[in-house]
Amino acid sequence: MSGETGPETRVERDSMGELHVPKDALWGAQTQRAVQNFPISGWPLPAALVRALGLIKATAAEVNGRFGVVDEARAAAIVIAADRIARGEFVDQFPVDVFQTGSGTSSNMNANEVIARLASTESLEIHPNDHVNAGQSSNDVFPTAIHVAACVRSQEHLLPALRYLRDTMLGRATGLDDIVKTGRTHLMDAMPVTFGQVLRAWAAQITSAMERIESALERLARLPQGGTAVGTGINAHPQFAGAFAVALTERSGCTFTNATVPAETIGAADSPVELSGQLKTAACALMKIANDLRWMNSGPNAGLGELRLPPLQPGSSIMPGKVNPVIPEAVTMVCAQVIGNDTAVTVGGQAGNFELNVMLPMIAHNLLASVDLLGNAASLLADRCIAGFEVDGDRVARLLALNPILVTGLNALIGYEKGATIAKRAMAEGRTVIDVALEETELTREELARLLDPARLAQGGIPDED
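An account of the accompanying structure is given in this report.

Cut-offs used in this document
Residues numbered from 1 in each chain as written. Predicted model: local features only at pLDDT ≥ 70, side-chain atom pairs only at ≥ 80, totals over all residues. Heavy atoms only, no water. Helix = DSSP H or I, 4+ residues; strand = E, 2+ residues; numbered from the N terminus. Rg over C-alpha atoms; globule rule 2.2 N^0.38 Å. Buried < 20%, exposed > 50% of the residue type's maximum accessible area, 1.4 Å probe, protein only. Contact = heavy atoms within 4.5 Å. Pairing = 2+ DSSP bridges. Disulfide = S-S within 2.5 Å. Phe/Tyr/Trp six-rings, centres within 6.5 Å; stacked < 30°, edge-to-face > 60°.

**Some remarks on the overall build of the chain**
Now for step 1: Each helix and strand in the chain was counted, giving 18 helices and 11 strands.
Now for step 2: In summary, the chain has a C-alpha radius of gyration of 30 Å against a globular reference of 23 Å for 466 residues, an excess of more than 25%.
Now for step 3: If one aligns the C-alpha atoms of the chain with their principal axes, the spans along those axes are about 100 × 55 × 35 Å.
Now for step 4: A buried classification covers 49% of the 466 residues belonging to the chain.
Now for step 5: Taking as baseline every contact in the chain between residues at least 6 positions apart, the subset at least 24 positions apart corresponds to 70%.

What follows is the structure in structure tokens.
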């Protein structure tokens, strides 16, 4: 399989000839050619994708061994070696740059070569193409790896993090239902809401984001594996695709099915693009929530100052005592990056030319980066902002009492025009709506206090009905 040349390298051979490979590397000639051909970013494939390749190779060997495509001894050896890759071992043996051949062929062969070397013994030679890649093509392996990695990583990391954030919000909401604050539209004073209502609205955004992601994962779970080169299944056992999906489901813990038309998911990357779009939507939700927190925390004196986020670090190298909302700021940057990643994935999705998409490694890099970034950001936002912020009840009540828009609660009794007059006077004179309304209407203070009670108004409906 190889020849020795010296203390630093060995000679490996492929169909194009001989090549020097680092002596201790597990990869072979085709991987080394790719390393030399693509010195572009220094970014290797995401670890989640490498693990997915291990899952795919182990599952394919299991199925091929069952059908007699690969002999029992070789199939068993490949399964053992590939399972080690799937467990996260040997990630450093996958050095090929993200920006490589658009089908991911270099990385598929990287996996084939590493697994072949791990599985081979003095008495059992495993060939990377004939055995590890039996019944497969880079053209079905790599898009399958994207689908598998995104499904697994979303299920084990992103969705639990979003669920944790949602539940943290709902937990805080229960304790803040009785604290009423000024609502705002156009950044201007509006009708009152409770902090509980604010948190429940945020939680609803996260729930919707989770539902969208889960829906996209249903289509992403349809795998092209078994379609081989162009979706026709050439060189694969006729029962391979169905058996592969069942076996991979058992091995991964996620439910997968075989694509009805494999050519769809080989020639197009519509499902990864769909998931990326839902990740972008989730990023928009987190951006909104993080910015709401920044606004409500602003000040503490010259801003809104309605709540205080946990102080995490000094905020200035020159202004002593300044503390900034660093977690919401980090989250907004994550959201910006995810939105940018989606643009790259979208452009990549357009690169389906005839029977193959040729931007798959770049799609994988950006899609999986978004999954990880959003999961990490959601957990941080829950633990270091939502769980620990404190409401400044006195300031909230003071600002609310001066809110001229409370006069909306009198519309049904005095009409819009009279209400506008009261609001304008209250603003101009710096007085409460109740005090001005006492002079402008025939309502008593008791009646006004009831009609303009912020807690009552925050419950909606027609405010003058009990």
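Still more to cover.
**Brief notes about the pairing of strand E4 (residues 180-185)**
Now for step 1: The sheet contact formed by E4 and strand E5 (residues 188-194) spans 5 bridges and is antiparallel. Within E5, the residue paired with arginine 184 across the bridge is aspartate 189.
Now for step 2: Between the antiparallel neighbours E4 and E5 lie 2 residues, among them histidine 186 with a positive phi of about 60°.

**Observations regarding the state of the cysteines**
Now for step 1: Applying the stated criterion across every chain, the model contains 0 disulfides.
Now for step 2: There is no disulfide at cysteine 335, and the cysteine sulfur nearest it, in cysteine 284, is 7.8 Å away.

**A closer look at the packing of aromatic side chains**
Now for step 1: Scanning the model with the defined rule gives 2 aromatic pairs in all.
Now for step 2: Relative to phenylalanine 99, the ring of tryptophan 43 has its centre 6.0 Å away and its plane inclined at 45°; by these criteria the two rings are tilted. Of this pair, tryptophan 43 sits in the loop between helix H1 (29-37) and helix H2 (47-67) while phenylalanine 99 sits in the loop between helix H3 (72-86) and helix H4 (105-119); the two residues are 56 residues apart in sequence, bridging distant segments of the chain.
Now for step 3: Relative to phenylalanine 244, the ring of phenylalanine 240 has its centre 5.6 Å away and its plane inclined at 25°; by these criteria the two rings are stacked.

Limitation: the analysis is restricted to geometry and does not speak to function.
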